[in-house]
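# Structural overview for review
Here are the chains, one letter per residue:
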There are 2 protein chains.
Amino acid sequence: MTVPTSSGTRTPVAAAQLGERVQDVLEDFLAIQGRVLDALGEELGPLLDAASELLRGGKRLRAAFSYWGWRGAGGSDCAEIVRAAAALELFHDAALIHDDVMDDSDTRRGMPAAHRRFATLHRSNRWAGRPHEYGVASAILLGDLCLCWSDELLATSGVAPDRLSEGRRVFDMMRTQLMGGQYLDMLEQARADTSVERARRVVRFKTAKYTVEHPLLLGGRLAGADRDLLAAYTDYGLPLGEAYQLRDDVLGVFGDPSETGKPAGDDLREGKRTVLVATALERADAAQAAAVRRHLGDPALDGDGLAALRQILVDTGAVRDVEARIDQLTEQAIVACRSAPLAPPADDALCELAVRSTARRG
Amino acid sequence: MTVPTSSGTRTPVAAAQLGERVQDVLEDFLAIQGRVLDALGEELGPLLDAASELLRGGKRLRAAFSYWGWRGAGGSDCAEIVRAAAALELFHDAALIHDDVMDDSDTRRGMPAAHRRFATLHRSNRWAGRPHEYGVASAILLGDLCLCWSDELLATSGVAPDRLSEGRRVFDMMRTQLMGGQYLDMLEQARADTSVERARRVVRFKTAKYTVEHPLLLGGRLAGADRDLLAAYTDYGLPLGEAYQLRDDVLGVFGDPSETGKPAGDDLREGKRTVLVATALERADAAQAAAVRRHLGDPALDGDGLAALRQILVDTGAVRDVEARIDQLTEQAIVACRSAPLAPPADDALCELAVRSTARRG
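Worth saying up front: this structure is predicted, and the values here are computed from it rather than measured.

Procedures and definitions
Residues numbered from 1 in each chain as written. Chains lettered and ligands numbered in written order. Predicted model: local features only at pLDDT ≥ 70, side-chain atom pairs only at ≥ 80, totals over all residues. Heavy atoms only, no water. Helix = DSSP H or I, 4+ residues; strand = E, 2+ residues; numbered from the N terminus. Rg over C-alpha atoms; globule rule 2.2 N^0.38 Å. Buried < 20%, exposed > 50% of the residue type's maximum accessible area, 1.4 Å probe, protein only. Areas by Shrake-Rupley, 256 points an atom, 1.4 Å probe, with all protein chains shown as cover. Lys, Arg positive; Asp, Glu negative; His and termini not counted. Charge placed at Lys NZ, Arg CZ, Asp CG, Glu CD. Axes fitted to C-alpha atoms, helices over the stretch in contact; angles between N-to-C directions. Parallel < 35°, antiparallel > 145°, perpendicular 65-115°, else oblique. Left-handed = near helix turned anticlockwise from the far one by under 90°. Contact = heavy atoms within 4.5 Å. Nonpolar A, V, L, I, M, F, W, Y, C, P; charged D, E, K, R; others polar. pLDDT = per-residue confidence, 0-100. Expected span 1.5 Å × (residues − 1). Arc of directions from axis to C-beta. Least-squares fit on C-alpha atoms with pLDDT ≥ 70 in both. Salt bridge = Lys/Arg side-chain N within 4 Å of Asp/Glu carboxyl O. Phe/Tyr/Trp six-rings, centres within 6.5 Å; stacked < 30°, edge-to-face > 60°. Polar contact = N/O pair within 3.5 Å; in protein donor to acceptor, adjacent residues only side chain to side chain. Core = buried A, V, L, I, M, F, W, Y, C linked by side-chain atoms within 4.5 Å.

### Observations concerning the overall build of chain A
Helix and strand counts for chain A come out as 16 helices and two strands. Taken over C-alpha atoms, the radius of gyration comes to 21 Å for chain A, in line with the 21 Å a tight globule of 362 residues would show. Viewed in the frame of its principal axes, chain A has a C-alpha envelope of about 60 × 55 × 30 Å. A burial count over chain A gives 62% of its 362 residues as buried. With an accessible surface of roughly 13,900 Å², chain A has 49% of that area assigned to carbon and sulfur atoms. Counting 44 positive and 54 negative side-chain charges, chain A places the centres of these two groups 2 Å from one another.

### Here's the deal with the packing of helix H3 (residues 61–72) of chain A against helix H4 (residues 79–103) of chain A
Residues and elements named next belong to chain A. Between H3 and H4, the least distance of the axes is 8 Å, while the angle of their chain directions is 150°. When the axes of H3 and H4 are compared, the pair comes out roughly antiparallel. The hand of the H3/H4 crossing is right-handed. Of H4, the residues touching H3 (which contributes Leu-61, Arg-62, Ala-63, Ser-66, Tyr-67 and Trp-70) are Ile-81, Ala-85, Leu-88, Glu-89 and His-92. Residues belonging to the contact of H3 with H4 are distributed by class as follows: seven nonpolar, two polar and two charged.

### Let's talk about the confidence of the model for chain A
Across chain A, pLDDT averages 91, with 95% of residues at or above 70. Both scores are given for the predicted complex: the pTM is 0.91, the ipTM 0.91.

### As for helix H2 (residues 45–56) of chain A
Residues and elements named next belong to chain A. In this model H2 runs 17 Å from its N-terminal to its C-terminal C-alpha over twelve residues, within 8% of the 16 Å that 1.5 Å per residue would give. Taken together, the buried positions of H2 are Leu-47, Leu-48, Ala-50, Ala-51, Leu-54 and Leu-55. The arc enclosing the buried residues of H2, seen along the axis, measures out at 160°, which places them on a common side.

### Observations concerning the relation of the copies chain A and chain B
To go from the first copy of the chain to the second, apply a rotation about an axis and then a shift along the same axis. The two copies are related by a screw operation: chain A maps onto chain B through 180° of rotation and 0.0 Å of translation along the axis, at an RMSD of 0.0 Å. Such a combination of rotation and displacement between the chain copies is what one expects of a two-fold axis. By C-alpha distance to the rotation axis, the residue of chain A lying nearest is Pro161(A), at 3.2 Å. Comparing contact sets, 98% of the residues at the interface of chain A also lie at the interface in chain B, consistent with an isologous, same-surface contact.

### Details of the pattern of salt bridges
Scanning the entire structure with this criterion turns up 66 salt bridges over all chains. Arg269(A) is the partner of Asp266(A) in a salt bridge, and the nearest nitrogen-oxygen pair spans 3.2 Å. A residue pair is termed a helical-turn pair when its members lie 3 or 4 positions apart in one helix, as Asp266(A) and Arg269(A) do in helix H11 (residues 266–269) at three residues. Take Asp266(A): its relative accessible area is 13%, and that puts it in the buried class. Among the ionic contacts, a cluster of salt bridges with common partners joins Asp151(A), Arg168(A), Asp172(A), Arg175(A), Asp151(B), Arg168(B), Asp172(B) and Arg175(B).

### Quick notes on unusual backbone geometry
Cis geometry is found at the peptide bond from Pro344(A) to Pro345(A), where omega equals 5°. Examined against the element boundaries, Pro345(A) turns out to sit in the loop between helix H15 (318–338) and helix H16 (346–358). We note that Arg126(A) has phi near 50°; this positive angle belongs to a residue other than glycine. A positive phi is found at Arg60(B), a non-glycine position, where the angle reads about 65°. Structurally, the position occupied by Arg60(B) is in the loop between helix H2 (45–55) and helix H3 (61–72). A relative accessible area of 9% means that Arg60(B) is categorised as buried.

### Examining the packing of aromatic side chains
Tallying each qualifying case throughout the model produces 14 aromatic pairs over all chains. Ring centres of Tyr183(A) and Tyr134(B) lie 6.0 Å apart, and the angle between their planes is 65°; on these two criteria the pair is classed as edge-to-face. Taken as a pair, Tyr183(A) in helix H7 (residues 161–191) and Tyr134(B) in helix H6 (residues 131–155) lie in two separate chains rather than in one. Overall, Tyr183(A) belongs to the buried group, its relative accessible area being 1%. One aromatic cluster is present, formed by Phe118(A), Trp127(A), Tyr134(A) and Tyr183(B) through successive ring pairs.

### Notes on helix H9 (residues 227–254) of chain B
Residues and elements named next belong to chain B. Between its first and last C-alpha atoms H9 spans 40 Å; for 28 residues at 1.5 Å apiece the expected length is 40 Å, and the two agree. For H9, the buried fraction is high: 21 of the 28 residues fall into the buried class. Where H9 begins, the side chain of Asp-226 points an oxygen toward the backbone nitrogen of Asp-228, at a separation of 3.3 Å.

### Overview of the interface of chain A and chain B
One widely used convention gives an interface's size as the accessible area the parts lose upon coming together. Tallying the contact residues gives 52 residues for chain A and 51 residues for chain B. Taken together, the links from chain A to chain B amount to eight salt bridges. Where chain A meets chain B, there are 22 residue pairs in polar contact (both at pLDDT 80 or more). Contributions of two or more residues to the side of chain A that touches chain B are made by helix H1 (15–38), H2, H4, helix H5 (114–124), helix H6 (131–155), H7 and helix H8 (196–222) of chain A. Among the elements that line the side of chain A that touches chain B, the one with the most residues is H7(A), at 18 residues. When its residues are assigned to classes, the side of chain A that touches chain B shows 32 nonpolar, eleven polar and nine charged.

### Remarks on the environment of Gln332(A)
Assignment of secondary structure puts Gln332(A) in helix H15. Measuring from C-alpha to C-alpha, the distance between Gln332(A) and Thr120(A) comes to 46 Å, with 212 residues separating the pair along the chain.

### Description of the nonpolar core
In terms of nonpolar packing, the biggest core is built from 192 residues, with Trp149(A), Tyr236(A), Leu350(A), Trp149(B), Tyr236(B) and Leu350(B) touching the most fellow members. Setting aside chain neighbours within four positions, we find Tyr236(A) in contact with Phe65(A), Val212(A), Leu216(A), Ala333(A), Ala336(A), Cys337(A), Leu350(A), Leu353(A) and Ala354(A).

### Side note on the packing of H6(A) against H7(A)
Residue and element names in this part refer to chain A. Put simply, H6 and H7 touch, their axes get as near as 11 Å, and they point 160° apart. By the angle class used here, H6 and H7 are roughly antiparallel. Considering how the two elements wind past one another, H6 and H7 form a crossing that is right-handed. Contact residues: H6 offers Leu-147, Ser-150, Asp-151, Leu-154 and Ala-155, while H7 offers Leu-164, Arg-168, Phe-171, Arg-175 and Met-179. Its residues placed into classes, the contact of H6 with H7 shows six nonpolar, one polar and three charged.

### Section: the environment of Glu89(A)
All names here are of chain A. Tracing the chain through its elements places Glu-89 in helix H4. With 111 residues separating them along the chain, Glu-89 and Arg-200 place their C-alpha atoms 24 Å apart. Residue contacts for Glu-89: discarding those within four places in its chain leaves Val-22, Leu-26, Leu-55, Arg-60, Leu-61, Arg-62 and Ala-63.

Structure (structure tokens):
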């Protein structure tokens, strides 16, 4: 897909540079928290190390959306918004750490998941009790720490108090809706009778709003955006967020592990009821539906089973349909972006982000 | 122990009344969050129900300390401080929900622990997957929600922004130190070689500061307390917090389940390295030490094993010593309270709280 820009040329958005600035904020902030923990005892080092290493691997999309939400509302480039944007990355890490415990995932961003890391620490020290349980408990605490730290970083971002309390309304809504969405996601897996419609509801709350719309609205509200601009952010954010999740669903089945950072087919092994899977099930004939039901959610799913599921996702046309839907949603987001009252260069930056977040391979 | 009051009579501190006001704030706040969750789907009802029921059972000590920390600094009785105080109770609930997952506890406040409750929901609906894992994942999400909500409630308490950001410094420190302290607690259990000194370090960060000192300092800072008063709060809070935890340790072994809300001997079954246990181990002869090592941390500890451990805790003089230490620490707190520059009636209220939190039976 080509990205039309207001100047007719592809705008070089300093995404890498923003990523580095976010990284610097996070490292400085974690160093301060490290000193707080050090006062309790040096044995707390592994908590901070785990947080630091995990934070290095993110795509920083939520930080980028909140930054450009601020710039689009006329906010100037400054340290305050980079701190607020970094707070979203800390929040996201908390969610991932707990998510990996809930799904019992082995890896995250190509490294062992936090609970696996602490289980290994336990095992290598030959401590009493069970390594897995030590790992889970440590990861719960580490996620709690990141959750509290994200909110501390936002509160101490330096944004003026009245704007901050406007922004917090989005932040608070985002957190409650994300966790509610995660519960629904889990409930759909447990009920094991997903419809496309119900899978979409999970996507809407667990990803679409959380990944794109809420970060944009947070940046916008912190910068004092008016009602029209906030509405435009929603018009851009909801379709793009849905497209982002659909891309994630496709990568979860067909992605290259060296780029996604997680084993191929993990979503299928966990029995995730994605829109991709729900679409295939709605179109499957009896034999295909039986095969999906047999393999989906099988923790021991092997290469043959994975290949069979992939073939069904292709043969039913589910992959083709989902890809078409990603293109359509991305286009919709770009149109919304182009007609929004955005301060430049946020218009070009957000169009580029629309493509980057849906054409990605990992 | 008698409580000397400045007026020479026992002051009727409206503890019950404060408790009711905190309860009202929490119910109103949860009703608002319920509407946020309802927008996602009615299936989220059980999350809110679990939070509401758990919140009904608390002793509200942290709310009381923060309220009287505010009043002692000259703050007037108002809705804002009750909201801020209620935020601590929500935070505490989050910590308990996650703690019960980490310890795999059956009950909390006489009711099934959150993860057990959701496991039962799973089982009774005959959903796919394992009830225990559904319960754990739900409780992790519920704890995360309460964690976020506590911070939202504090931020929207209505306390003026400059005072609020002073208060947040305590709140943030409290949260990081509590979670660090919980990690240390778990580490001590895993290492299984506790000294009294190391058990005290855990108590200091996990309970003493968290239960008394930080709530008092939060209330004080929100009300603009000066340095001398804050120092007095620490002089009162640290010994009292330690005494509170020692009482908890004794109740964990000798308490009446109908008053403590948890099965007798649960701490011993979990292998908790309390100061009480560490003191007994330091004084035990070879036979006693061997018996402690055999029973401590045994999930199947029965009535006979429990009776044997109790006898050793008494025979080594550990119980007598811990009781003497509770009296001494409580006295120290009361002396600090009497010499502090406190606005009445906070002086009498805090003396009464010192007794109530250490002479309790549940």
